[in-house]
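A closer look at the structure
Okay, here's what each chain looks like letter by letter:
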2 protein chains.
Amino acid sequence: MEHRLDRIKKQLHAQSYKLTPQREATVKVLLEREEDHLSAEDIYLLVKEKAPEIGLATVYRTLELLLELQIVEKINFGDGVSRYDLRQEGLEHFHHHLVCVECGSIQEIFENLLVDVEKKVEEEWGFQVQDHRLTFHGVCKKCQQAKLKKSRMTK
Amino acid sequence: MEHRLDRIKKQLHAQSYKLTPQREATVKVLLEREEDHLSAEDIYLLVKEKAPEIGLATVYRTLELLLELQIVEKINFGDGVSRYDLRQEGLEHFHHHLVCVECGSIQEIFENLLVDVEKKVEEEWGFQVQDHRLTFHGVCKKCQQAKLKKSRMTK
DNA sequence: GTGCCTGCAAACTGTTTGCAGCGAT
DNA sequence: ATCGCTGCAAACAGTTTGCAGGCAC
């Protein structure tokens, strides 16, 4: 965990930005809650626990900065809120998401499922792909099992 | 074009909603500008040309209704605005988008490129897919050619 | 008259901006 | 002394809501 923070620190310095206490607290929250797809507000509240004097605007500015440095990605699952997701180190493509319509959980897929699809898009549509966003909406394993159980009970 | 309007009218009636003049004007705009990925504001301005007395709130309410009836889809390309896209009749899956980072154009792909991918997701992750969102960001054919031309000129 | 639908204005939510102050160099 | 960074408050943009009136049945 620490090494990732260090690497981010270096990335910032390389572009002559500083890793201020507020920025560090924000990055730490992102690292700790990596799987969580937090909104800016969520992050703000969590950062406040570490650094109570921080302002929401600072969180937004930090996130914008991290976005610019490609450390995080901004995603939008359809509710009006932007969520922030750490990019995987050493993974050139953006990972996919499985959003459960029952329980709202969000699972991540790091395997690149789109290699063939991208090839096809480049060949058949002449479109030079740089990045992608892929989200599936449906029912997660857990909720399927829960539903099954329920239907057996009512039988 | 008329037949699609008729069909939508029937869909509304089936759920005991009325196709009021305002709703009709809104749907007509959506049909006429089908390829355009309009925002609510865009739609509002276009509808105003047909029905100047309409209010923005009505447009929002109509779009919400159409969303509920699965006639349109709400999409978000990352700028803060929701855009509305007519679903293709007789196409069960939601179509894909190619967003050009150079010129901002948005191209649609109606072919379902995700059949194999969805199968894999169901099998390997146990996730029961209902719908998907796939967007590619990159450079469209036109802009690639324009860039090529430019680079030849500077040679 | 009942109930759906509308326009308007106000409210709300998430995000951005302006500004004065602070702290490190 | 400069300059980047911060907190606060105000501004802003997109969307939603409350409400009184209107229209169709």
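Residues numbered from 1 in each chain as written. Chains lettered and ligands numbered in written order. Predicted model: local features only at pLDDT ≥ 70, side-chain atom pairs only at ≥ 80, totals over all residues. Heavy atoms only, no water.

1. Considering the layout of surface pockets
Size it by volume and the largest pocket reaches roughly 1100 Å³. Contributions of two or more residues to the lining of the largest pocket are made by strand 2 (72-76) and strand 6 (128-139) of chain A together with strand 2 (72-76) and strand 6 (128-139) of chain B. The leading source of residues in the lining of the largest pocket is strand 6 of chain A, at six residues. Of the residues that constitute the lining of the largest pocket, the class distribution is 13 nonpolar, 19 polar and 12 charged. In this model, the second largest pocket occupies a volume close to 250 Å³. Around the second largest pocket sit 15 residues that line it, and A:Asp116, A:Val117, B:Leu113, B:Asp116 and B:Val117 are the ones nearest its centre. (1 Å grid on protein atoms, 1.4 Å probe; cavity = no way out; pocket = protein on both sides within 12 Å on 5 of 7 lines; lining within 4 Å. Points joined across faces, edges and corners; volume = space filled by probe spheres on them. Helix = DSSP H or I, 4+ residues; strand = E, 2+ residues; numbered from the N terminus. Nonpolar A, V, L, I, M, F, W, Y, C, P; charged D, E, K, R; others polar.)

2. Considering unusual backbone geometry
Negative phi characterises most residues that are not glycine, and trans characterises most peptide bonds. In this structure, A:His37 takes a positive phi of about 50° despite not being glycine. Along the polypeptide, A:His37 turns up in the loop between helix 2 (21-32) and strand 1 (38-39). When its relative accessible area of 2% is taken as the criterion, A:His37 is described as buried. Look at B:Gln70: it is not a glycine, yet its phi comes out positive at around 65°. (Buried < 20%, exposed > 50% of the residue type's maximum accessible area, 1.4 Å probe, protein only.)

3. Some words on the packing of helix 1 (residues 2-14) of chain A against helix 2 of chain A
Residue and element names in this part refer to chain A. Across the interface, helix 1 lies against helix 2 with an axial gap of 11 Å and an inter-helix angle of 135°. As judged from the angle between their axes, helix 1 and helix 2 are oblique. The interaxial crossing formed by helix 1 with helix 2 has right-handed handedness. Counted together, Arg4, Leu5 and Ile8 of helix 1 and Glu24, Val27, Lys28 and Leu31 of helix 2 form the full contact between these two elements. Among the residues forming the contact of helix 1 with helix 2, the class breakdown is four nonpolar, no polar and three charged. (Axes fitted to C-alpha atoms, helices over the stretch in contact; angles between N-to-C directions. Parallel < 35°, antiparallel > 145°, perpendicular 65-115°, else oblique. Left-handed = near helix turned anticlockwise from the far one by under 90°. Contact = heavy atoms within 4.5 Å.)

4. Some details on the UniProt feature "binding site: Fe cation" (unreviewed entry) in chain A
In this numbering, the UniProt entry assigns the feature "binding site: Fe cation" (unreviewed entry) to A:His132. Inspection of the secondary structure assignment puts A:His132 in strand 6. With near-sequence residues (within four places) excluded, A:His132 lies in contact with A:His93, A:Phe94, A:His96, A:Asn112, A:Leu114, A:Glu118, B:Thr135 and B:Phe136. Within the local environment of A:His132, its side chain forms a polar contact with the side chain of A:His93, the two groups lying 3.2 Å apart. (UniProt positions renumbered as here; feature names shortened; annotations may be inferred. Polar contact = N/O pair within 3.5 Å; in protein donor to acceptor, adjacent residues only side chain to side chain.)

5. Focus on the protein's contact with DNA strand C
Taken together, 17 residues are adjacent to DNA strand C, and A:Tyr60, B:Thr20, B:Gln22, B:Ile54 and B:Thr58 come closest. Backbone atoms, meaning sugar and phosphate, make up 72% of the atoms of DNA strand C lying within 4 Å of the protein. Taking B:Glu53, its main chain carries an N or O atom lying 3.1 Å from a phosphate oxygen of DNA strand C. Interatomic distance of 2.4 Å between a side-chain N/O atom of B:Thr58 and a phosphate oxygen of DNA strand C. Broken down by secondary-structure element, the contributors of at least two residues to the surface near DNA strand C are helix 4 (56-68) of chain A together with helix 2 (21-32) and helix 4 (56-68) of chain B. Counting residues per element, the surface near DNA strand C draws most heavily on helix 4 of chain A, which supplies four residues. Its residues assigned to classes, the surface near DNA strand C comprises seven nonpolar, five polar and five charged. (Near = heavy atom within 4 Å.)

6. Quick look at the relation of the copies chain B and chain A
What relates the two chain copies is a rotation about an axis together with a slide along it. Superposition record for chain B on chain A: RMSD 0.1 Å, screw rotation 180°, translation along axis 0.0 Å. One copy is carried onto the other by what is essentially a two-fold rotation axis. Nearest to the rotation axis, the C-alpha of B:Leu134 is located 2.3 Å from it, this being the minimum over chain B. Of all interface residues in chain B, 100% are interface residues in chain A too; the two copies therefore contact each other through one and the same surface. (Least-squares fit on C-alpha atoms with pLDDT ≥ 70 in both.)

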